[in-house]
Amino acid sequence: LLRLVRGAARQEPERPDALAALARSAAAGDRAAIRTFLVTVGPHLLRVARRVLGAQHPEVDDVAQESAFAVMEALPDHRGECAVLTFVCRIAALTAMQVLRREATQKRAALRHDAFDFEQLAGGVRGADDELAARASAELVRQMLDTLPLEQAEVLALHCVLGFSVPEVAEASGVPFETVRSRLRLAKQALRARVLADPRLAAAMEESS
Amino acid sequence: MTADNDAMDKFLQRATRGFEADSPVLAGDDKRIERIERAVQRRYGKDVRRPALRRQVALLAACGLLMAGAAFAALKWADSPQEPPGRGGPAPVPPKVAPVAPSPAAVPMDPPALAEPVAPAPSVAAPATSGGAPRPAPSSKASAETPGPLLHAPGPLLTAAELFAAASRARVAGDATKAVALSEQLLKQFPSSAEATATRLSLGMLLLQQGQPARALAQFEAYERTAAGQGRAEALWGKAQALQRLGRAEEERAALRELIEKYPQAAYTGAAKKRLAALP
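Below you will find a few notes about this structure. Keep in mind the model is a prediction, meaning the values are calculated, not measured.

## Observations concerning the interface of chain B and chain A
Line of reasoning, step 1. On the chain A side, the residues contacting the 60 residues of chain B number 65 residues.
Line of reasoning, step 2. Of the roughly 5900 Å² buried between chain B and chain A on both sides combined, carbon and sulfur atoms contribute 61%.
Line of reasoning, step 3. The interface formed by chain B and chain A holds four salt bridges in total.
Line of reasoning, step 4. Residue A:Asp61 pairs with B:Arg32 through a salt bridge whose shortest N-O separation is 3.2 Å.
Line of reasoning, step 5. Linking chain B with chain A are five residue pairs in polar contact (both at pLDDT 80 or more), by the criterion used here.
Line of reasoning, step 6. Tallying contributions element by element places helix α1 (residues 2–21) of chain B first for the side of chain B that touches chain A, with 15 residues.

Rendered as structure tokens:
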């Protein structure tokens with residue numbers, strides 16, 4: 001365990017965070033710093049919102065703006081536990097997940113889940129349209145973000161949706177490395193159960209392996 | 001069970017490709033970011049520098065008044081032996097102010113310097129830009145450090161933040177030449193600023209697109225030396241691409257391996273593995 005933790009620490013040597021000073025000035029309300037900071041992180045806010053919600057989701061812009069507000073609120077508490085950009089992406093992911101969960105509560109088992117086209121997934125796996133299958137798989141993971149416990153959903157989002165490594169997730173979330181691994185394992189188990197519960201998804205997963 | 005895990009991992013890899021395909025950079029993103037910035041400025045922006053600037057101006061004005069008052073008193077004292085004031089006499093003629101030389105401290109009070117909202121007066125030593133990068137005073141020394149004419153300069157000189165924002169806007173708008181020029185200007189004027197570090201990545205990518213791999217490589221390597229976080233994966237990928245175009249296969253291989261080992265989940269890792277496999 002110690003080796004793992006030390007390995008995680010060694011993976012990213014101590015380097016100055018390029019955004020740290022800028023983030024401090026932005027947190028202090030410096031208008032020029034806020035502008036530069038948002039020009040820098042703005043594309044990431046949009047990217048995260050699109051990844052979590054889907055590019056066509058009508059609330060992408062609103063979520064990006066809400067994320068920017070949330071980042072500004074949280075910046076004074078950032079103590080350099082992780083890179084500023086990682087911090088920002090995590091906040092954006094959590095903000096977008098709130099929207100997903102709010103939607104899921106409002107129309108649970110209604111339009112959005114029924115609209116999911118499982119045929120795209122199965123058809124794509126057979127090679128007709130790989131990109132379509134990839135998007136359908138992504139949509140299924142998004143659905144899981146609605147239903148998993150928040151901690152597992154967060155780890156799944158940061159690791160699978162945003163592509164953070166496990167050590168990066170641990171740094172960003174402020175939880176131990178092993179806890180992240182455990183949550184990720186549980187999230188994958190839940191996802192697998194969800195896939196296996198549907199014969200078409202199960203067949204698609206079998207074909208993909 | 002292992003086979004199930006493998007199947008699930010492959011399923012998630014495919015989903016990751018779906019997420020990547022679902023997060024495109026769209027044409028109006030720069031406008032979206034500007035809207036977000038305006039909203040954030042309205043809620044969180046403070047006039048951090050203006051109070052300090054106002055205090056400086058008030059101080060300078062007070063100094064000017066004191067100097068004028070002292071000059072007036074001196075003139076009056078000098079005149080007093082020739083024309084002693086008599087009771088009920090005519091009111092004394094106000095002294096001519098013109099001969100009084102203006103204080104050097106009053107020079108920064110010229111209107112253009114005050115019209116720029118974020119620009120400190122030239123003699124003020126307060127930090128001027130975000131990220132700790134000092135805004136150069138518009139002196140002859142600063143001009144000598146600025147190699148070419150300023151692009152898009154609305155005021156006397158642009159801050160690091162303004163240069164960075166202008167370069168980003170040009171890049172998003174597809175004007176690569178202007179974006180490169182602004183980024184290079186930022187690097188020359190504010191080499192140690194946070195904005196300069198951040199701009200190296202986009203500058204490297206732009207130079208790669210423009211077919212200048214050697215210059216691009218220098219930017220990626222400089223970014224690697226100074227920055228941390230996820231951007232380093234992008235820098236490594238850019239470095240590998242630059243090395244590929246320069247025909248330096250061994251170094252390219254090393255960069256790709258480093259990217260795969262250090263950032264296994266990065267968006268570039270899949271492409272890096274393919275490229276590594278294709279290398280002789």
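On we go from here.
## What to know about the packing of helix α3 (residues 31–53) of chain A against helix α4 (residues 60–74) of chain A
Each pair of packed helices can be described by the angle between their axes along with the distance between the axes.
Residue and element names in this part refer to chain A.
Line of reasoning, step 1. The interhelical angle for the contact between α3 and α4, taken along N-to-C directions, is 130°, at an axis separation of 9 Å. By the angle between their axes, α3 is oblique relative to α4. Regarding α3 and α4, the two cross each other, and that crossing is right-handed. Along its contact with α3, which presents Ile34, Phe37, Leu38, Leu45, Leu46, Ala49, Arg50 and Leu53, the element α4 presents Val60, Asp61, Val63, Ala64, Ser67, Ala68, Val71 and Met72.
Line of reasoning, step 2. A breakdown of the residues in the contact of α3 with α4 according to their chemical character gives 13 nonpolar, one polar and two charged.

## A closer look at the packing of α3(A) against helix α6 (residues 160–172) of chain B
Line of reasoning, step 1. Closest axis-to-axis distance for the α3(A)/α6(B) pair is 9 Å, and the angle between their directions is 30°. In terms of orientation, α3(A) and α6(B) fall into the roughly parallel class. With respect to the hand of their crossing, α3(A) and α6(B) are arranged in left-handed fashion. Within the contact between the two elements, α3(A) uses A:Ala32, A:Arg35, A:Thr36, A:Val39 and A:Thr40 and α6(B) uses B:Ala161, B:Glu162, B:Phe164, B:Ala165 and B:Ser168.
Line of reasoning, step 2. Residues that form the contact of α3(A) with α6(B) fall into these classes: five nonpolar, three polar and two charged.

## Points about the pattern of salt bridges
Line of reasoning, step 1. The full count for this structure, using the stated rule, is 16 salt bridges over all chains.
Line of reasoning, step 2. A:Arg90 is paired through a salt bridge with A:Glu154; the nearest N and O atoms lie 2.5 Å apart. Highlighted residues: A:Arg90 in helix α5 (residues 84–106) and A:Glu154 in helix α9 (residues 150–161), separated in sequence by 64 residues.
Line of reasoning, step 3. The partner of B:Glu251 in a salt bridge is B:Arg248, and the shortest N-O contact between them spans 2.8 Å.
Line of reasoning, step 4. Through salt bridges with shared partners, a single network forms among A:Arg50, A:Asp61, B:Asp29, B:Arg32 and B:Arg35.

## Some words on the state of the cysteines
All names here are of chain A.
Line of reasoning, step 1. Applying the stated criterion to the full structure yields zero disulfides over all chains.
Line of reasoning, step 2. Cys89 carries a free sulfur, and the closest cysteine sulfur to it, the one in Cys82, is 9.8 Å from it.
Line of reasoning, step 3. Look at Cys89 and you get buried, because its relative accessible area is 1%.

Rules used in this analysis
Residues numbered from 1 in each chain as written. Chains lettered and ligands numbered in written order. Predicted model: local features only at pLDDT ≥ 70, side-chain atom pairs only at ≥ 80, totals over all residues. Heavy atoms only, no water. Contact = heavy atoms within 4.5 Å. Buried area = accessible area lost by both parts, 1.4 Å probe. Salt bridge = Lys/Arg side-chain N within 4 Å of Asp/Glu carboxyl O. Polar contact = N/O pair within 3.5 Å; in protein donor to acceptor, adjacent residues only side chain to side chain. Helix = DSSP H or I, 4+ residues; strand = E, 2+ residues; numbered from the N terminus. Axes fitted to C-alpha atoms, helices over the stretch in contact; angles between N-to-C directions. Parallel < 35°, antiparallel > 145°, perpendicular 65-115°, else oblique. Left-handed = near helix turned anticlockwise from the far one by under 90°. Nonpolar A, V, L, I, M, F, W, Y, C, P; charged D, E, K, R; others polar. Disulfide = S-S within 2.5 Å. Buried < 20%, exposed > 50% of the residue type's maximum accessible area, 1.4 Å probe, protein only.

That is the geometry; function is a separate question.
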